[in-house]
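Each chain is listed here by its residues.
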Amino acid sequence: MKISDLKDTAVTSGYKMLNLMAITKMGIKHGPFDLIRDIRRYPWLLDLAKVNRLVTKLSRSRRGNYRKAVGMVLHGIVKEMVHQIEGIFHRQEKLVLHEDMVPPEILRAMGLSPWMPEMLGILLPMIVPNVMEEYIDAAENEGIPADVCSLPKTVIGLTVKDRLPYAKAVVTSNLPCDGGMSSYIYVEKQLKAPVFRLDIPHHFKDERAEVYFSGELKRMIAWLEEHTTGRMDWNLLQEICEERNRMMDYELQLWEMIAARPAPLAADAVYLSHLWFYNVCSGLKSSTEVFRRLVMLAEENLKNGVAAVPDEKYRALLWNPPTMHVIDLFAIAEKRYGVTCIMDSMSFNRLPFIDTSSRESMLQGIGRYIMNGPMARHTRGPMENYFDDIFYIIKRFGIDMLWMAGHIGCKNTQALNNIMREKCRAEGIPVLIIDYDLADPRITSREGIFLQVDHFMENVMKAERRFL
Amino acid sequence: MIQKYYGGCDIGSTTGKAVIIENTGIILGSSIVHREIDPEVTAALALEQALKNIPEINSIKDLAYLVGTGYGRSEISFASENISEISCHAMGAFFCDRSIKTIVDIGGQDVKGISINDDGTVKEFAMNDKCAAGTGRFFEAMARIFRMDLADFSDLSLNARDLIPVTAQCSVFAETEVISLLAGKNPPESIAAGVQNAVAKRCFMLLKRVGIIPKVTITGGCAKNRGLIKALEKALQEKIAPLSVDPQIIGALGAALYAKKRESR
């Protein structure tokens, strides 16, 4: 065994140890009786506790700084998840459920404890691939059609099985799809908590929409002040927005660096960090710190001429949310074919920093991020909202091919697949559309997903597979 | 010049096919055998039969290079290499007619749409591999309901004066629908035309995904289904280009052509 291999093993073991310590500390703090009671109430806690399986899955084929980056991002996720679970245990009077398109910055500035129900449908299949099946089945048994997106179905399933925390209030919106909206009717019924629905305008790219939507946010703040103990602290909101801007500054530096060929960092280190730290805990110092260290690791790799994927052959753009139950898709594709995921649709945006000079400018800045959320802007309005981003990313990051995670439950993006094929064909960009379901491996198994990848790489890219 | 021989072996879900070619690409022998449980046994049987009438070759060992393809390709331990059937069908069809740009390959358990580059390699492909509708298995089931053999069923729709649509997308539901239509004393040839039309529409949708550029051809066992070809031509509004070689062995032919290429690398 080489010294570098020993170092890599030590890095992963270190992060695993830190994860275990964070989880154990939370358990001890909660006390054995309360912990047993809550594990019975929330059995998914046990699945979350298996997070080190995810660390193994995503680390084993990575080396050096790339492995460090993956371990660090996952540890950051674990730390925040522990904090969120402590919110259920100890801060229930401040708990507010919020839908995934509603960022939590305002809730935090009001001294509330945000909890995003979709978080479980995203995180759990990464750790235990088939864990959401029982919730999806429960939702379908309630009469939800089989072809509705499985993510809102997991929320419905968790709700009807009484496995969501009780909250003082719920904030949701009319985004990103009908399935998402319908899931909160179940949440409302089951939790019997007051629900506020943000009205996000369909035409969201003009000033009129921004003014209208900041009005919606003000209405939400007033509503939360009426229904919860939360009170708006505008100074705290300013701090949160400034911290978010700092995080974004680091992310932009990271994107500059990964545009280099070969990229110094890639795949989960880039997209999981955005997916989690922007949607769950943006505006926290700890989130900014993750991005600062990612920049540091990327910089070091660039300086030393070290590539994340040692023989980077194909640069991929991942479109749609990542394949949750096969989250190591790129870890394996890197090894098998030299495929490197450079950028993804959930991370990329071209929005300005939030202007923190006034209350109005902050609300408009936050509102812009909600209205232009990745799935929101890509599935509403003209098709240019979708394709402009694709071809801009392809050009900016020197992308060789597009991998579309063709989640069958997403009718919005499925409807664009043929146009996407035609447009990419015209531009000479090879496209792989992976037929699968976001949270349900029964639709397409892990083997089925890799079969599609192998067929594409062998037949279209003429790639030689490195090992069988 | 030393004469060398190359083999291609396509192990599908229903049959095993083998093709032996010489240096110039001329086909010396070919075979189609029923699939055994073990893909390797099927491959050995297919090759044995293909070699039977070639006196210059005594056994598989005399082949300079052998490429395995198809569903069971990775199980053929005596093959020099295995290559995806998508690439092999493209290469085989291209060898028969260099102006072929689009292929629909209907096998026993899947349907593929393939568009090909100017050198016979794959440009794009799309496949329907999760559902039996529109595959060879589907036609076998339909023939059974009509109490005919596959060849008779294939020709049945050719005499249809009109078409009774079969709307079910699933093979199992389609069976139920066809049984009901037959029980309703509807003309069998019109129902058969409806079946062929339903499959042709599925193929059309698949081909749309890869882009339909003439010439279009059909490969695989179902390429012998004349009723389907008629329905497909109607759906595509395009003549299906016939191939000079049995369309069922095109995958094996492509594999043999790749064997020749790879050996000379």
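Residues numbered from 1 in each chain as written. Chains lettered and ligands numbered in written order. Predicted model: local features only at pLDDT ≥ 70, side-chain atom pairs only at ≥ 80, totals over all residues.

### With respect to the overall build of chain A
Across its full length, chain A holds 21 helices and eight strands. The C-alpha radius of gyration computed for chain A amounts to 21 Å, which stays within 12% of the reference 23 Å derived for 468 residues, consistent with globular compactness. In chain A, which comprises 468 residues, the proportion classed as buried is 52%. In chain A, the proportion of contacts linking residues at least 24 apart, taken out of those at least 6 apart, comes to 77%. (Helix = DSSP H or I, 4+ residues; strand = E, 2+ residues; numbered from the N terminus. Rg over C-alpha atoms; globule rule 2.2 N^0.38 Å. Buried ≥ 20, exposed ≤ 12 C-beta atoms within 10 Å, placed from the backbone. Contact = placed C-beta atoms within 7 Å.)

### Topic: the overall build of chain B
For chain B, the helix and strand inventory stands at eight helices and nine strands. Computed over its C-alpha atoms, the radius of gyration of chain B comes to 19 Å, within 12% of the 18 Å expected for a compact globule of 265 residues. If one aligns the C-alpha atoms of chain B with their principal axes, the spans along those axes are about 65 × 35 × 30 Å. Looking at chain B residue by residue over its 265 residues, the buried ones come to 52%. Of the contacts made within chain B by residues no fewer than 6 positions apart, 69% connect residues no fewer than 24 positions apart.

### Let's talk about the pairing of strand β8 (residues 122-128) of chain B
All names here are of chain B. Counting buried residues along β8, five of its seven residues qualify, which places the element largely inside the surrounding structure. Of the strand pairs in this sheet, strand β7 (residues 111-116) and β8 are connected by six bridges, and their pairing is antiparallel. The residue of β8 that forms the bridge with serine 115 is glutamate 124. Between the end of β7 and the start of β8, which pair antiparallel, lie five residues, with glycine 120 showing a positive phi angle near 85°. (Pairing = 2+ DSSP bridges.)

### Some details on the interface of chain A and chain B
Listed by partner, the interface residues are eight residues for chain A and nine residues for chain B. For the side of chain A that touches chain B, the elements supplying multiple residues, two or more each, are α20 (417-427) and α21 (446-460) of chain A. The leading source of residues in the side of chain A that touches chain B is α21 of chain A, at four residues. The residue makeup of the side of chain A that touches chain B, split by class, is one nonpolar, three polar and four charged. (Nonpolar A, V, L, I, M, F, W, Y, C, P; charged D, E, K, R; others polar.)

### A closer look at the sheet that holds β8 of chain B
Residues and elements named next belong to chain B. Across the sheet, four strands lie side by side as β8-β7-β6-β9; this open sheet has mixed pairing. Both outer strands of the open sheet, β8 and β9 (216-219), are each paired with one neighbouring strand and no more. Taken pair by pair, the neighbouring strands of this sheet meet at an average axis angle of 20°, ignoring direction. When strand β6 (residues 102-106) meets β9, the two strands line up parallel, connected through four bridges. Within the sheet, the bridge partner assigned to valine 104 lies in β9 and is isoleucine 218. In the packing of helix α2 (residues 85-96) onto the sheet, contacts are made with β6, β7, β8 and β9, and the angle to β7 comes to roughly 55°. (Axes fitted to C-alpha atoms, helices over the stretch in contact; angles between N-to-C directions.)

### Digging into the sheet that holds strand β2 (residues 15-22) of chain B
All names here are of chain B. Here we have five strands laid out as an open sheet, ordered β3-β2-β1-β4-β5, and mixed in their pairing. Whereas interior strands pair on both sides, the edge strands pair on one side only; in this sheet they are β3 (27-34) and β5 (81-82). Relative to β5, strand β4 (residues 65-69) runs parallel, the two being bridged by two bridges. Its bridge partner lying in β5, glycine 68 is registered against asparagine 82. Lying over the sheet, helix α1 (residues 39-51) contacts β1 (5-11), β2, β3 and β4, oriented at roughly 45° with respect to β2.

### Quick look at the nonpolar core
In terms of nonpolar packing, the biggest core is built from 228 residues, with Leu265 and Ala266 of chain A together with Cys9 and Ala256 of chain B touching the most fellow members. In terms of residue count, the dominant contributor to this core is helix α6 (residues 188-210) of chain B (11 residues). Each of two domains, domain 1 (5-90 + 248-263) and domain 2 (99-242) of chain B, supplies a minimum of three residues to this core. Residues contacting alanine 266 of chain A, with those up to four places away along its chain left out, are Ile258, Ala308, Val309, Thr340, Cys341 and Ile342 of chain A. (Core = buried A, V, L, I, M, F, W, Y, C linked by C-beta atoms within 7 Å. Domains from an automatic or database assignment.)

### With respect to the domain arrangement of chain B
Residue and element names in this part refer to chain B. Each assigned domain of chain B is listed with its residue range as follows: domain 1 (5-90 + 248-263) and domain 2 (99-242). Once you take the C-alpha centre of each, domain 1 and domain 2 turn out to be 26 Å apart. The partner domain 2 presents 18 residues to the 10 residues of domain 1 that form the contact. Per element, the largest residue contribution to the side of domain 1 that touches domain 2 is four residues, and it comes from α2.

### Things to note about helix α9 (residues 150-160) of chain A
Residue and element names in this part refer to chain A. Of all 11 residues in α9, 10 are buried, a share of seventy percent or more. On its buried face, α9 sits against α7 (118-127), α8 (133-141) and α10 (178-191). Aspartate 162 occupies a position one or two residues after α9 and carries a positive phi of about 60°.

### Examining the pairing of strand β1 (residues 95-98) of chain A
All names here are of chain A. Along β1, one buried face is formed by Leu95 and Leu97 and the opposite face, lined by Val96 and His98, is buried too. Looking at chain direction, β1 and strand β2 (residues 113-115) are connected through three bridges and run parallel. Pairing of leucine 97 across the sheet is with tryptophan 115, part of β2. As paired strands, β1 and strand β3 (residues 169-173) are joined by three bridges and run parallel to one another. Directly across from valine 96, in β3, lies its bridge partner alanine 169.

### Remarks on the packing of helix α12 (residues 234-258) of chain A against helix α14 (residues 285-303) of chain A
Residue and element names in this part refer to chain A. Interaxial distance between α12 and α14 falls to 9 Å at its minimum, and their mutual angle equals 20°. Judged by the angle between their axes, α12 and α14 are roughly parallel. Here α12 and α14 pass one another in a crossing that is left-handed. Contacts between α12 and α14 involve Glu243, Arg246, Met247, Tyr250, Glu251, Gln253, Leu254, Met257 and Ile258 on the former and, on the latter, Lys285, Ser287, Thr288, Phe291, Arg292, Leu294, Val295, Ala298, Glu299 and Leu302. Of the residues that constitute the contact of α12 with α14, the class distribution is 10 nonpolar, three polar and six charged. (Parallel < 35°, antiparallel > 145°, perpendicular 65-115°, else oblique. Left-handed = near helix turned anticlockwise from the far one by under 90°.)

### Quick word on the packing of α7 of chain A against α9 of chain A
Residue and element names in this part refer to chain A. The geometry of α7 relative to α9 is characterised by a closest axis approach of 8 Å and an angle of 110° between their N-to-C directions. By the angle class used here, α7 and α9 are roughly perpendicular. For the pair α7 and α9, the contacting residues are Glu118, Leu120 and Gly121 in the first and Leu151, Thr154, Val155 and Leu158 in the second. In terms of residue class, the contact of α7 with α9 is made up of four nonpolar, two polar and one charged.

### Observations regarding the environment of isoleucine 60 of chain B
Residues and elements named next belong to chain B. Tracing the backbone shows isoleucine 60 in the loop between α1 and β4. We classify isoleucine 60 as partly exposed; it has 19 C-beta atoms within 10 Å. Isoleucine 60 has contacts with Leu47, Leu66 and Phe78, leaving out every residue within four places of it along the chain.

### Considering unusual backbone geometry
For the peptide bond that leads from arginine 261 of chain A to proline 262 of chain A, omega is 0°, which places it in the cis range. Looking at where proline 262 of chain A falls in the secondary structure, it is placed in the loop between α12 and α13 (267-279). Cis geometry is found at the peptide bond from proline 214 of chain B to lysine 215 of chain B, where omega equals 0°. Tracing the backbone through its elements, the reader meets lysine 215 of chain B in the loop between α6 and β9. We note that lysine 192 of chain A has phi near 50°; this positive angle belongs to a residue other than glycine. Position of lysine 192 of chain A among the secondary structure elements: in the loop between α10 and β4 (195-198).

### Things to note about the confidence of the model for chain B
The pLDDT averaged across chain B works out to 90; a share of 98% of its residues lies at or above 70. Of the two predicted TM-score estimates for the complex, the pTM is 0.91 and the ipTM is 0.85. (pLDDT = per-residue confidence, 0-100.)

### Comments concerning α7 of chain A
Residue and element names in this part refer to chain A. By the criterion of burial, α7 is predominantly enclosed, with nine of the 10 residues buried. Buried residues of α7: Glu118, Leu120, Gly121, Ile122, Leu123, Leu124, Pro125, Met126 and Ile127, and no others. Considering only its buried residues, α7 is in contact with α3 (44-48), α4 (51-59) and α9.

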